[in-house]
Amino acid sequence: MILGAGISGCGTVTYVAKREVVKHVYISPVTNRTPEEGIDILFTRAADDTFYTDSRFAVDKTPIPDETIIVKPSVDSISAFSVGYNADDQAIEYRLSVTATIKLIKYGYKKPFKTFKITCYGFYDATGTPTEAEMKRKECIESIAKDIFREVGEKLLEGGSDGKNN
């Protein structure tokens, strides 16, 4: 009977490591490394729209030690080339490509724990007046910026603050 109690008490214990979840973010001002004016404003607006509307994150106005991840974006390049033409062989549709570098820094540290580049693209129609075409271009840039920040959000959630550099 004692022997039976000893055998029935044996078992396997499994431990699962829990990944640290990023909840608090602080959006650092966007650095514009392109010659195009106003990109930093469009990207800041897109970052705010993306992170403030995502319930998975709390955007801090003041970083909290040991909790806040600082998102430091810079726009490295922007390029456009024509992909559609009218009957007169004039360009009417463009593909716009934007590359950004994102550094993730835990508040209180100087070096980023993760740095990555994201390139996204979109299309815009250049028909209409020059003002209309420019507005379509800016809307395309803002849409691309939102895509970039959505991807940043996914990378924050998949990688957490694991200390790895990608």
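Calculation rules
Residues numbered from 1 in each chain as written. Predicted model: local features only at pLDDT ≥ 70, side-chain atom pairs only at ≥ 80, totals over all residues. Heavy atoms only, no water. pLDDT = per-residue confidence, 0-100. Contact = heavy atoms within 4.5 Å. Phe/Tyr/Trp six-rings, centres within 6.5 Å; stacked < 30°, edge-to-face > 60°. Helix = DSSP H or I, 4+ residues; strand = E, 2+ residues; numbered from the N terminus. Buried < 20%, exposed > 50% of the residue type's maximum accessible area, 1.4 Å probe, protein only. Lys NZ or Arg CZ within 6 Å of the ring centre and 35° of its normal.

1. Details of the confidence of the model for the protein chain
Right, so step 1: With 83% of its residues at a pLDDT of 70 or more, the protein chain shows a mean pLDDT of 84.
Right, so step 2: Across residues 1–19, where pLDDT falls below 50, the model places 2 contacts with residues more than four positions away in sequence or in other chains.
Right, so step 3: A low-confidence stretch, residues 161–166 (pLDDT under 50), is modelled with 15 contacts involving residues beyond four sequence positions or located in other chains.

2. A short note on the packing of aromatic side chains
Right, so step 1: The final tally for this structure, using the stated rule, is 5 aromatic pairs.
Right, so step 2: Residues Tyr94 and Tyr124 carry aromatic rings whose centres are separated by 5.5 Å and whose planes lie at 15 degrees to one another, so their mutual orientation is stacked. Linking Tyr94 in strand E5 (residues 91–106) with Tyr124 in strand E6 (residues 114–125), this pair joins segments that are 30 residues apart in sequence.
Right, so step 3: Exposure remark for Tyr94: the relative accessible area of 24% places this residue in the partly exposed category.
Right, so step 4: Taking relative accessible area as the criterion, Tyr124 reaches 9% and is therefore assigned buried.
Right, so step 5: Taken together, the ring pairs in this structure connect Phe43, Phe51, Phe57 and Phe149 into an aromatic cluster.
Right, so step 6: The ring centre of Tyr121 lies 3.9 Å from the NZ or CZ of Arg95, which sits over that ring.
Right, so step 7: Taking NZ or CZ as reference, Lys155 lies 5.2 Å from the ring centre of Phe116, over its face.

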